[in-house]
Amino acid sequence: MDQEAFQKHLSEEHNEHTIANHLKEFIYGGSDGIVTTFAVVAGFSGANIGQGNLNLAMVSVLLFGLANLFADGAAMGLGSLLSSRSHKKLYQNAYEKEFKETEDSYEFEILETEHIFKEQGFNKSDSKKLTQLISTNREFWAKFMVKHEIGIANPDNENEYLNGLATFISFLVFGFIPLIPYFFQASQNVLFLYSTFATFLSLCLLGFLRAYLAKERLFTAISEVLFVGIVSSS
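Let us look at the structure shown here.

The rules behind these values
Residues numbered from 1 in each chain as written. Predicted model: local features only at pLDDT ≥ 70, side-chain atom pairs only at ≥ 80, totals over all residues. Heavy atoms only, no water. Helix = DSSP H or I, 4+ residues; strand = E, 2+ residues; numbered from the N terminus. Buried < 20%, exposed > 50% of the residue type's maximum accessible area, 1.4 Å probe, protein only. Contact = heavy atoms within 4.5 Å. 1 Å grid on protein atoms, 1.4 Å probe; cavity = no way out; pocket = protein on both sides within 12 Å on 5 of 7 lines; lining within 4 Å. Points joined across faces, edges and corners; volume = space filled by probe spheres on them. Nonpolar A, V, L, I, M, F, W, Y, C, P; charged D, E, K, R; others polar. Patch = residues over 30% accessible without salt bridge, like charges linked within 9 Å, V, L, I, M, F, W, Y side chains within 5 Å. Areas by Shrake-Rupley, 256 points an atom, 1.4 Å probe, with all protein chains shown as cover. Salt bridge = Lys/Arg side-chain N within 4 Å of Asp/Glu carboxyl O. Phe/Tyr/Trp six-rings, centres within 6.5 Å; stacked < 30°, edge-to-face > 60°.

Quick notes on the overall build of the protein chain
Move 1: Of the regular secondary structure elements, the protein chain holds 9 helices and 0 strands.
Move 2: Ordering the α and β elements of the protein chain from the N terminus gives α-α-α-α-α-α-α-α-α.
Move 3: Out of the 234 residues belonging to the protein chain, those deemed buried represent 38%.
Move 4: Summarising the internal contacts of the protein chain: among those between residues at least 6 apart in sequence, 75% fall at separations of at least 24.

Following this line, the structure appears as structure tokens:
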């Protein structure tokens, strides 16, 4: 295989949509946005049953719904950012500890690494060979131990600011959908019915996004998102 063909293969193999890198944040933010907004709609609709001033009820739902979108969305986005930064700090501390141990406790680290390979299904001979090989690169060795001994995933490819932004945007976009019917004139009961239907559609859309980006079965993805959304809204 020539180099040009190999580079083409790499480009095609790793050409994933940017959104897929933040799927967790999109699903988390979107699901919470939908459920939280619908809770606001349901609460105000119930409180205004029997009230004669329809316009006031609609304005109340929109004002509190939009305020909730931006306030809770910002809180979730910042929370995601802080969570990612904390994870990176935790990983860095663990990495520095393991890196130091590869020098101060070399023999013990060798034995631990061989043990990890054995647990992964390698025989004793291959475990020794693999350990000998990766121990020649202390940085890789330390990262290997952090992942397989301590169990902390490497966050080097994560951007905490993009994580927070993805959570915030997803919360706003999906959380806005249940509010859309209240921009139109109709009776209070009809508006709430439309909002309920919009909430159902937004959950289905979120499930479709998950299935598309995660490349999983459409029915499974939508069913799980609907189940979680319905349970959370109950």
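A few points about the layout of surface pockets
Gaps left between atoms are located by rolling a probe of water-molecule size over the structure's atoms.
Move 1: Approximately 290 Å³ is the volume found for the largest pocket.
Move 2: Lining the largest pocket are 10 residues, with Asn21, His22, Asn157, Glu158 and Asn163 positioned closest to its centre.
Move 3: For the lining of the largest pocket, the leading source of residues is helix 2 (residues 23-47), giving 3 residues.
Move 4: Here the lining of the largest pocket is built from residues that sort into 1 nonpolar, 6 polar and 3 charged.
Move 5: Lining the second largest pocket are Lys24, Glu25, Tyr28, Ser80, Ser83, Ser84, His87, Ala153, Asn154, Glu158, Asn163 and Thr167.
Move 6: Taken together, the elements giving at least two residues each to the lining of the second largest pocket come down to helix 2, helix 3 (54-104) and helix 7 (160-176).
Move 7: Of all the elements, helix 3 adds the most residues to the lining of the second largest pocket, at 4 residues.
Move 8: When its residues are assigned to classes, the lining of the second largest pocket shows 2 nonpolar, 7 polar and 3 charged.

Remarks on a nonpolar patch on the surface
Move 1: Taken together, the side chains of Leu162, Leu165, Ile169 and Val173 make up a nonpolar region of the molecular surface, amounting to roughly 320 Å² of accessible area.
Move 2: With respect to the helices and strands, Leu162 occurs in helix 7.
Move 3: Taking relative accessible area as the criterion, Leu162 reaches 42% and is therefore assigned partly exposed.

A short note on the packing of aromatic side chains
Geometrically, a pair of aromatic rings is defined through the distance of the ring centres and the angle of the planes.
Move 1: The final tally for this structure, using the stated rule, is 6 aromatic pairs.
Move 2: Between Phe38 and Phe192, the aromatic rings sit 5.9 Å apart at their centres with planes inclined by 25°, giving stacked as the arrangement. Pair noted here: Phe38 is in helix 2 and Phe192 is in helix 8 (residues 188-214), with a separation of 154 residues, a long-range link.
Move 3: Phe38 sits in the buried class, given a relative accessible area of 12%.

What about the side chain of Ser135?
Move 1: Inspection of the secondary structure puts Ser135 in the loop between helix 5 (124-134) and helix 6 (138-150).
Move 2: Residue classification places Ser135 among the buried positions, given a relative accessible area of 12%.
Move 3: Discounting residues that sit within four places of it in the chain, Ser135 has contacts with Tyr106, Ile110 and Trp141.

A word on the environment of Leu90
Move 1: For Leu90, the location among the structural elements is in helix 3.
Move 2: Once the C-alpha coordinates of Leu90 and Pro155 are considered, the two residues, 65 residues apart in sequence, prove to be 10.0 Å apart.

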